[in-house]
Number of protein chains: 4
Amino acid sequence: MNQARTIEPSGDMSFDAAAPGISREKMVSRYRQVRAFTERLCEPLEPEDYVIQTMADASPTKWHLAHTSWFFETFILGPGSNGYRPVEPRYGYLFNSYYNGAGPMHCRDRRGLLSRPTVRETFHYREAIDRAMLALIENAPVDQWRKLMPIVVLGLNHEQQHQELLLTDIKHAFAQNPLCPVYRTDVMSSTAESPALRWLDYAEGVYRIGAEDEGFAFDNERPRHRVFIPEFQLASRPSTNGEYLEFVEDGGYRRPDLWLSEGWSAVNANQWTAPLYWEKRDGRWFSFTLQGLQTVQANEPVCHLSYFEADAFARWSGALLPTEAQWEIASADLTLEGNFAEDGNFQPRACARPARRAEPEQMFGDVWEWTSSSYSPYPGYRPLAGALGEYNGKFMCNQYVLRGGSCATPRSHIRRSYRNFFPPDKRWQFSGVRLAGSHDT
Amino acid sequence: MNQARTIEPSGDMSFDAAAPGISREKMVSRYRQVRAFTERLCEPLEPEDYVIQTMADASPTKWHLAHTSWFFETFILGPGSNGYRPVEPRYGYLFNSYYNGAGPMHCRDRRGLLSRPTVRETFHYREAIDRAMLALIENAPVDQWRKLMPIVVLGLNHEQQHQELLLTDIKHAFAQNPLCPVYRTDVMSSTAESPALRWLDYAEGVYRIGAEDEGFAFDNERPRHRVFIPEFQLASRPSTNGEYLEFVEDGGYRRPDLWLSEGWSAVNANQWTAPLYWEKRDGRWFSFTLQGLQTVQANEPVCHLSYFEADAFARWSGALLPTEAQWEIASADLTLEGNFAEDGNFQPRACARPARRAEPEQMFGDVWEWTSSSYSPYPGYRPLAGALGEYNGKFMCNQYVLRGGSCATPRSHIRRSYRNFFPPDKRWQFSGVRLAGSHDT
Amino acid sequence: MNQARTIEPSGDMSFDAAAPGISREKMVSRYRQVRAFTERLCEPLEPEDYVIQTMADASPTKWHLAHTSWFFETFILGPGSNGYRPVEPRYGYLFNSYYNGAGPMHCRDRRGLLSRPTVRETFHYREAIDRAMLALIENAPVDQWRKLMPIVVLGLNHEQQHQELLLTDIKHAFAQNPLCPVYRTDVMSSTAESPALRWLDYAEGVYRIGAEDEGFAFDNERPRHRVFIPEFQLASRPSTNGEYLEFVEDGGYRRPDLWLSEGWSAVNANQWTAPLYWEKRDGRWFSFTLQGLQTVQANEPVCHLSYFEADAFARWSGALLPTEAQWEIASADLTLEGNFAEDGNFQPRACARPARRAEPEQMFGDVWEWTSSSYSPYPGYRPLAGALGEYNGKFMCNQYVLRGGSCATPRSHIRRSYRNFFPPDKRWQFSGVRLAGSHDT
Amino acid sequence: MNQARTIEPSGDMSFDAAAPGISREKMVSRYRQVRAFTERLCEPLEPEDYVIQTMADASPTKWHLAHTSWFFETFILGPGSNGYRPVEPRYGYLFNSYYNGAGPMHCRDRRGLLSRPTVRETFHYREAIDRAMLALIENAPVDQWRKLMPIVVLGLNHEQQHQELLLTDIKHAFAQNPLCPVYRTDVMSSTAESPALRWLDYAEGVYRIGAEDEGFAFDNERPRHRVFIPEFQLASRPSTNGEYLEFVEDGGYRRPDLWLSEGWSAVNANQWTAPLYWEKRDGRWFSFTLQGLQTVQANEPVCHLSYFEADAFARWSGALLPTEAQWEIASADLTLEGNFAEDGNFQPRACARPARRAEPEQMFGDVWEWTSSSYSPYPGYRPLAGALGEYNGKFMCNQYVLRGGSCATPRSHIRRSYRNFFPPDKRWQFSGVRLAGSHDT
């Protein structure tokens, strides 16, 4: 069991992997940092923990380790290395996630039925990929490198996404076990008082949102484009467990008038009475965390909410969820700081800072914030060419956008324009809520 | 079996039921027209046809007849008539569709398990409601009338929605029967050549969309508000069976790269190979229609597409689906004319008119046009108060907007700002596709 | 609604249709009687009632009417009449129940999705079949008649089975309707006191069971064969509602130790707390019957039990279910009398007779009695040739034998050797329980 | 990976654990042998292999190891040892299989979602139980020992049943993995020619079957009782792959007339075209075995058949399945020898011996033989008292009896009267078929 208080940061925050002139040396270092951080996250695990899949949405740790390697093998080493021979040809089938363009794949909900490759074999696979990748980064001819470099950067961002999923999936796995396994034991809970929620005003106007052309961004963040936004208000911080508890205790989960129709169906079908991982014992609320079962802290941002719960809570509050454009506009001038995976908390923390006059707090890190925006293409959206075009675009249906990153997101992975997305009934991510309003509401 | 070629129109197109000064006399006349049209649509049916429910999405004809009456009883007669006694108190349970605020309800997917009330009893129920409603319209005190009048108008619009559903549901029911029952026998298929598809250009700008404050509109069409729209192009007419057939024959249903991820799952789970009701016999395509099995006409607008199919077809065409704002902007100056339910075709027809230079054809009637817009609240949206607030708002999740009405929509029911909505896998409505584009595409 | 107190008997009890020398005249008369009784049972129904199917196990009345006619058409008229042309060729598909040897068939659980043929058309179908059948019975050449006659008799027994199913299926259909439709209104409930349960003793020995070679019997009742039976005891009458209620009130449905493992799963999955159609209102038990909702009568035989419930009740009683051999041995000398369909009660009645010393009461009629015997072939069993071999044999798996007939069984249909069978979780038949024991128990 | 050719036998064949005068010393030795054999079977496994559950019917190896220990803890140490404190109280919940009388239990189909306890912790649990058990066997006061001894013997037989399940479950798990893991590598396939199938005759009579009162047997084998059996014939050996292949190639899986109705549904629902683990590649049949993928050997007994397949094959062969009484009668004088788990083949082998005139071959070991007997209580059956009464009795419904043991059954575990049982659609056990007949057939 890992007893270390801090986890080595996964890399230089100022690293811009997509900068045209980035040196091979820097890329080697970056590659090593990102890959090593994945393995650091596995240190508290026993071999048995790597194997299980506790719902179709989640994947075994072992699978994450292999799939992220498969990504480099399939999209870089295969096309990029002359005469490259796959470590094990059948891995192409086992570790393809959803890329139809890359061939047939093992069924997603059967990933936990595979005891082989073993954990040791999986790490050997990673090592083989790393050797080949590092050789390629160092030695590829300039022309080839120009083509491959953006995919290497994409692969590293892809790996960072799986770092977060690895954490949320292992949390789900441990939570199913009546023995309540603990991932980390030594994290102190946040004791800060949460500052009072204030409303910040934003003026109407035609704004630009989306990623600029330079620097790395996923294809779904582009092109940068104009939107008309009426004036709006945004809460100064995410809503807290204490605030959400008032909703729960006011019968929030028993009042159909507060819910979307599909949300009300989800409440009844799944018998939801509180956020995921909450559990009432002898009149007190507990929450299963990566540090084990803990009492619910009123001052911490509420998390593990579905979109449906975030929406119902907003309605009950007489407020709204922000649109993703509102969120991005409000984040425009903020520093990218917060409680991230490298901090090793793996749990949102209360807002420690005294309230600043005009800026929202905790926009980055702690909890992903559900927006009311259906995940859809920006005007002029172009997916990447080939199988990599399946990375984002084909999921633009029946999902909702979340913004800002969480306590399980690597710090160097997040951006103001970053669009995370999940179906509205999912809640095993560190997903929370920040309220919005308008002068009408 | 009804042999009449034309169906009496359901009312004066210029009727604006929500106009403040509308006379009681006009309202009586309007009420009678709308209610009578529902019953006209039932004339071709045998008593047995009224009973069955062939999927959870559809309802028995008998249920539509009763539910629309229940609506008036529950939201007008009950609250509005002193000492009103329900025709049969248990109907409140049986014919409530989804209004949690109006009490518990019979399970939606069990509507076809009820042989009672019989058809005759159901018509008696309608008559009793009509007597009470007409008395109320004529005799209600002025103050009460002012409050109830908008709900009467809502009830008539509600009834018109169920006229369309009655038709699409009976079509689904007949299509399940190997005996291929026929609803109407005497309709000639359209023989016009479809004009070539042209692209119409629209300039970028901040536009206003949504219903004005005056006149009847559903709450989801309001408030009128500004949107920024980049320049775009719209197809001059809906896509045709002939065009869609090229997609089918090009392997459209076998190429995952053309589909949204959920769409591809739907294709495989349901083994879709063509639009709903299409069937290949001896190498020729047929389609089940309300006139029985017919050969697919290349020049007619394609219909019974899911959103997924419309989206995949657009992608295959190198085009897009329009947003609902684009559609509404393009419809701004058009006359509200087209092939509607009153015409008695109950099937889309080929565009007969020579192409006009600058205007899109067939924007109204024929087929509902899928837009790429997720069904969501307009900025400042306010649902109606009370249980009627469940009419629209709670469905604003995981559904997509369709515009323009169809051959099963009553002519006086449609508006430029009208927002129809269905989940993306549904295709038993007369739903088709009009392509859009941008200078990039 | 049928108000008549008695229902014309379906035929001469002494009729032995399979007797070799039976006259054509007698067969004509028998055919008419049986077919007419089916239609008498339909008289209380509205056209809408004929259409619905409220679970996959049940069929619409309309389907029973057509299927029994299809049986004659398929197995007699088709093979037997030169140049016979089917009334409607597609009926072969629609009304085949499960005979793979007779061609493809419509899916069983979709029988309620068909509004056509209408009720009127279905009766026309019956009439056409009757005309052809009566002509064939009267005019078939002797050789042909010798071959067809046994199948005619089989067809009439088949029709009688569907008379019972028609009643139990319409009971299920009405029971689903919150309006509680009533099939018959004028039947008085039985007021007799039920005599005390006595135990009758039977000696061990090698017995013969099964049908003799002469006379009609289904293939599953043959051959008659020897079985060794240890001494046993049998209850003098079926168990009553009053006795079963003690089991219910003793927590019978909440004690896993009383149940078979699959039974306990069924209790929990279906949330059973009492027999089918029982309902507790304000502390009193009611039961839905074909005469509407009635209070549960303590002295009537309990019915609508699954095998699981009969078995658990027996275990709770410190007794057993009889084997089918025990039941048949005990019935050997009894008169075939009881409360049958022709009596028009359609509900079991209390035992009226004073107890006879040495004979069990109510072995025939009232309720089918679950036995502990898995439905399996007798030694030397031979199914009928051809598609008719599918009549019984292929169901000899995971079903349990019931004996004695019920209040919905036609009197002339039952035999001592008659083997009814249903899966152990089914309870919409009039199925009850008679206890057995041994000196050990 | 275990390379040893032979596996140490699990004990003295002549051991009769239930003999009244058995010494404590012998019991200690027996306990050690049985427990050790379980662990020998785990030797080829990697830690990851212990964790997975590839269908609800199967359990993880880890679970088998813990559950068999839980059995001793719950039924012997808990009640038997003064002041015994459970190793880990929550194991009572996790490792209870189906004993409602022993308290609530973890859901059977979620056993593969638990990574903890780890494999190491599970072995520690076993060791703790072994220490306590051995102390108890050696030191329990005489009176207590008299009561506990039969349960110790039951626990050892229980453990042996799980030895077989451990093997069949790991086979299922490995078979799901596209990497085709191998459990044992060094077993040679059997090369013997299978002798021609002969029919052995048995006379009619009243026979006795079931276990005598002395010696260990499960409660379901008692009491010994009389049955009348008509004369019958039994095949001299189990049917072979070669014989079964003829059935397959004759379209056996495409002819509904050969199947029970539920069997035909299973064929279609599961798309069965051959026994479990068979796979056709390039026109040749292969079978997944614990030695990896092997070509199907025509002379080996066919196995991994469901009851449905055994029954259809018998029908196709113009034969029957034997009843369990027939099987037991035919086995009466045979020596208990055969291909068992201790031989380490884990795969049925061809009959090596020249045919003996009057005796059936391979009645024991190789493959379990499906009988046509529904699993039901013998006349006078009494389950064990308390929670142990759930061991067998509650499963006497919708299952069929198999006889004789298999290549995965420990040799000292089988008896002539042994009744194994599985639902008729299960086929992951080593289940095969021996034909029976009568003079009629």
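Residues numbered from 1 in each chain as written. Chains lettered and ligands numbered in written order. Predicted model: local features only at pLDDT ≥ 70, side-chain atom pairs only at ≥ 80, totals over all residues. Heavy atoms only, no water.

All right, on to the overall build of chain A then. Looking only at helices and strands, chain A has nine helices and 12 strands in total. On C-alpha atoms alone, chain A measures out to a radius of gyration of 22 Å, which is about the 22 Å that the 2.2 N^0.38 rule sets for 441 residues. With respect to the principal axes defined by its C-alpha atoms, chain A has extents near 65 × 55 × 40 Å. Counting all 441 residues of chain A, 61% fall into the buried class. (Helix = DSSP H or I, 4+ residues; strand = E, 2+ residues; numbered from the N terminus. Rg over C-alpha atoms; globule rule 2.2 N^0.38 Å. Buried < 20%, exposed > 50% of the residue type's maximum accessible area, 1.4 Å probe, protein only.)

Here we come to the confidence of the model for chain A. All names here are of chain A. A residue-level look at chain A finds 92% of positions with pLDDT of 70 or above and a mean pLDDT of 93. Below pLDDT 50 for its whole length, residues 1-15 participates in 43 contacts with residues either more than four positions away or in separate chains. As scored by the predictor, the complex reaches a pTM of 0.95 and an ipTM of 0.94. (pLDDT = per-residue confidence, 0-100. Contact = heavy atoms within 4.5 Å.)

Between chain B and chain A, which share one sequence, the superposing operator has a rotation angle of 180° and an axial displacement of 0.0 Å; the RMSD is 0.0 Å. The symmetry that links the two subunits is that of a two-fold axis. Most of the interface of chain B is mirrored in chain A, where 100% of its interface residues again form contacts. (Least-squares fit on C-alpha atoms with pLDDT ≥ 70 in both.)

Next up on the list: the relation of the copies chain A and chain D. The operation relating chain A to chain D is a screw motion whose rotation component is 180°, with 0.1 Å of axial translation and a residual RMSD of 0.0 Å. Interface overlap between copies is the fraction of interface residues in one copy that are interface residues in the other; for chain A against chain D it reaches 100%, indicating a shared surface.

Quick look at the interface of chain A and chain D now. With 32 residues of chain A at the contact, the number on the chain D side is 32 residues. At the boundary of chain A with chain D, total buried surface from both sides reaches about 2,700 Å², with 60% on carbon and sulfur atoms. Contact with chain D buries area across many residues of chain A, yet Glu48, Arg116 and Leu179 of chain A alone supply 28% of it, more than any other trio. Put simply, chain A and chain D have two salt bridges between them. (Buried area = accessible area lost by both parts, 1.4 Å probe. Salt bridge = Lys/Arg side-chain N within 4 Å of Asp/Glu carboxyl O.)

What follows covers the pattern of salt bridges. All names here are of chain A. If you walk through the whole model with that rule in mind, you get 96 salt bridges over all chains. One salt bridge connects Arg35 with Glu159, and the closest N-O pair in it is separated by 2.8 Å. Of the two residues, Arg35 sits in helix H1 (residues 24-42) while Glu159 sits in helix H5 (residues 142-175), which places them 124 residues apart along the sequence. One salt bridge connects Glu324 with Arg403, and the closest N-O pair in it is separated by 2.8 Å.

A few words on unusual backbone geometry. Omega for the peptide link from Arg222 of chain A to Pro223 of chain A comes to -5°, which places this bond in the cis form. Its place among the elements puts Pro223 of chain A in the loop between strand E2 (205-209) and strand E3 (225-229). Cis geometry marks the peptide bond from Arg116 of chain B to Pro117 of chain B, where omega comes out at -5°. With respect to the secondary-structure elements, Pro117 of chain B resides in the loop between helix H3 (91-94) and helix H4 (119-139). Phi is positive for Asp366 of chain A, which is not a glycine, with a value near 65°. The exposure class assigned to Asp366 of chain A is buried, which follows from its relative accessible area of 4%. A positive phi angle, near 55°, is found at Gln362 of chain C, a position not held by glycine.

Facing 28 residues of chain B, the contacting portion of chain A comprises 28 residues. Roughly 2,300 Å² is buried in total at the junction of chain B and chain A, and carbon and sulfur atoms are behind 53% of that figure. It is Arg226, Phe228 and Asn398 of chain B that lose the most area in chain B upon contact with chain A, and together they represent 24% of the buried surface on that side. Connecting chain B to chain A are two salt bridges. Two residues, Glu204 of chain B and Arg226 of chain A, come together in a salt bridge whose shortest N-O distance is 2.9 Å. Counting every contact that joins chain B to chain A gives nine residue pairs in polar contact (both at pLDDT 80 or more). Those elements that provide at least two residues to the side of chain B that touches chain A are strand E3 (225-229) and helix H7 (261-270) of chain B. (Polar contact = N/O pair within 3.5 Å; in protein donor to acceptor, adjacent residues only side chain to side chain.)

Let us look at helix H2 (residues 61-80) of chain B. All names here are of chain B. With 20 residues, H2 ought to run about 28 Å at 1.5 Å a step, and its terminal C-alpha atoms sit 27 Å apart, in line with that. Helix geometry: H2 is bent most strongly at Glu73, by close to 35°. Among the 20 residues in H2, 17 count as buried, and that is most of the element. (Expected span 1.5 Å × (residues − 1). Bend = angle between axes of the 7 residues up to and from the residue.)

This part takes up the arrangement of the chains. Here chain A and chain C are not in contact; the least distance found between their C-alpha atoms is 15 Å. At the level of C-alpha atoms, the two units chain B and chain D stay apart, their nearest approach being 15 Å.

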